[in-house]
Amino acid sequence: MNWFTQLRPKIRSFVKKSDVPDNLWAKCPGCEQMIFSKDLDSQSYVCRYCQHHFQIPVTKRMAMLFDNAEYSVLPMPSVISDPIHFKDQKRYVDRLKDASAKSGSGEAITVAKGYINGRLCMVSCFNFSFIGGSMGIAVGEALLMAAQESVSLGAPYIVIPSSGGARMQEGILSLMQMARSVIAVIRVKEKKIPFISVMTHPTTGGVAASFAALGDIIIAEPNAIIGFTGARVIQETLKRPLPDGFQTAEFQKAHGFVDMIVHRTELKSVIGNICSILCHESDKSGTTFLSSPSAFA
Ligand SMILES: [Zn+2]
């Protein structure tokens, strides 16, 4: 046994794996630069080299949107947690527990109210790290609750989806949330209260095909993927190549599905301005300005 063999266990115990967190750096999918995680946090999770928009924690997103980063989170409505007793590689109830521990959130959506540019607003923000931001009964119920609160307060309603679509572990009950979320939006529109959709990466499946597409104004973050079915499935079905940039926010804007693409750091000011214009017009004229998309043509 030489001196190094004797020393090695001591060196190993000194340099433990836990001393080196594996999330100190993030690789940008846009330009492949390595970015220090603390820098990413201070730069609103936007790459300073290529402006790629990373997914951003819900708490950080809310803090960016509301005045002085002050807001109150509404308690989630209680719902049945495993309606069809689903099980694949693991039980759905266990999957929910894991998702909760991993994301630090009880569900795939957070509803909060607070002031944006001095105006009381309701915000529903999806959390992609909770089972892909999928929409089950709890999410549908939260969307309805937020819409009801928006109507009670007369507060503009902003929804920020980031979702793979309906939650398969809840079967047909998750698909029913598409209709329920649309009803939620209709209740807001009937009262001529602004409803703004901010599509972030990715907004797909049953979420893209329901409430998210119904905004009076539809905003998207740069380069976010927006669409119903995945590009690969569409390409295999059509059996021909898809156009460049297919399903990106820029592609959807060019084809009229998205009204504007807004850099994350400008979202608060743009949303504030839109609410100000729409509320002013609604107060002044009392017309159906908000409920008719053609009014924006
Ligand atoms: Zn980059």
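On a predicted model such as this, the values are computed, not experimentally measured, just so you know.

Analysis parameters
Residues numbered from 1 in each chain as written. Predicted model: local features only at pLDDT ≥ 70, side-chain atom pairs only at ≥ 80, totals over all residues. Heavy atoms only, no water. Buried < 20%, exposed > 50% of the residue type's maximum accessible area, 1.4 Å probe, protein only. Helix = DSSP H or I, 4+ residues; strand = E, 2+ residues; numbered from the N terminus. Pairing = 2+ DSSP bridges. Right-handed = clockwise from strand over helix to strand, strands pointing away. UniProt positions renumbered as here; feature names shortened; annotations may be inferred. Contact = heavy atoms within 4.5 Å. Polar contact = N/O pair within 3.5 Å; in protein donor to acceptor, adjacent residues only side chain to side chain. Salt bridge = Lys/Arg side-chain N within 4 Å of Asp/Glu carboxyl O. 1 Å grid on protein atoms, 1.4 Å probe; cavity = no way out; pocket = protein on both sides within 12 Å on 5 of 7 lines; lining within 4 Å. Points joined across faces, edges and corners; volume = space filled by probe spheres on them. Nonpolar A, V, L, I, M, F, W, Y, C, P; charged D, E, K, R; others polar.

1. Overview of the pairing of strand β7 (residues 195-199)
1) Next: Counting buried positions over the five residues of β7 gives five, a clear majority of the element.
2) Next: Alternating residues of β7 divide into Phe195, Ser197 and Met199 and Ile196 and Val198, and every residue in both groups is buried.
3) Next: Here strand β6 (residues 157-160) runs beside β7; their pairing, made up of three bridges, is parallel. Within β7, the position partnered with Ile158 by the bridge is Ile196.
4) Next: Note on the crossover from β6 through helix α6 (residues 171-190) to β7: the handedness is right-handed.
5) Next: Sheet analysis places β7 next to strand β9 (residues 217-220), joined by four bridges and oriented parallel. Bridge assignment links Val198 to a residue of β9, and that residue is Ile219.

2. Focus: the pairing of β6
1) Next: In β6, alternate side chains face the same way, and those of Tyr157 and Val159 on one face and Ile158 and Ile160 on the other are all buried.
2) Next: Where strand β5 (residues 119-126) lies against β6, four bridges are found, and the strand directions are parallel. Within β6, the residue paired with Met122 across the bridge is Tyr157.
3) Next: Read as a crossover between parallel neighbours, the route from β5 over helix α5 (residues 137-153) to β6 is right-handed.

3. A word on the UniProt feature "zinc finger region: C4-type" (unreviewed entry) in the protein chain
1) Next: UniProt marks residues 28-50 with the feature "zinc finger region: C4-type" (unreviewed entry), using the numbering shown here.
2) Next: Between the C-alpha atoms that bound residues 28-50 there is a distance of 9 Å. The span itself is 26% helix and 13% strand.

4. Some remarks on the UniProt feature "binding site: Zn(2+)" (unreviewed entry) in the protein chain
1) Next: The feature "binding site: Zn(2+)" (unreviewed entry), as given by UniProt, occupies Cys28, Cys31, Cys47 and Cys50 in the numbering adopted here. Sequence-wise these annotated residues cover 23 residues; spatially they are packed, their C-alpha atoms never more than 8.7 Å apart.
2) Next: On the secondary structure map, Cys47 appears in the loop between α2 (37-42) and α3 (58-65).
3) Next: Taking the relative accessible area as the measure of exposure, Cys47 reaches 0% and is therefore buried.
4) Next: Contacts of Cys47, omitting those with residues within four sequence positions, involve Cys28, Cys31, Ile35, His52 and Phe54.

5. Here we look at the side chain of Gln177
1) Next: Of note, Gln177 is situated in helix α6.
2) Next: We classify Gln177 as buried; its relative accessible area is 3%.
3) Next: At 2.9 Å, the side chain of Gln177 and the side chain of Arg180 are in polar contact.
4) Next: Contacts of Gln177, omitting those with residues within four sequence positions, involve Met135, Gly136, Ile137, Gly140 and Glu141.

6. Here's the deal with the pattern of salt bridges
1) Next: All told, the structure shown has 12 salt bridges when counted by the stated rule.
2) Next: Among the ionic pairs, Arg91 bridges to Asp94, the shortest N-O distance being 3.3 Å.
3) Next: For Asp94, a relative accessible area of 24% translates into the label partly exposed.
4) Next: Between Asp216 and Lys189 there is a salt bridge whose closest N-O contact spans 3.3 Å. Of the two residues, Asp216 sits in the loop between α7 (205-208) and β9 while Lys189 sits in helix α6, which places them 27 residues apart along the sequence. Each member of the pair, Asp216 as well as Lys189, is classed as buried.
5) Next: The network of salt bridges with shared partners includes Arg61, Glu221 and Arg264.

7. Details of empty space enclosed by the protein
1) Next: According to the stated counting rule, one finds one cavity of 30 Å³ or more in the structure shown.
2) Next: Approximately 30 Å³ is the volume found for the largest cavity.
3) Next: Residue lining of the largest cavity: Leu143, Tyr157, Val159, Ser181, Ala184, Val185, Phe195 and Phe211, and that is the complete set.
4) Next: The element contributing the most residues to the lining of the largest cavity is α6, with three residues.
5) Next: The residue inventory of the lining of the largest cavity, partitioned by class, reads seven nonpolar, one polar and no charged.

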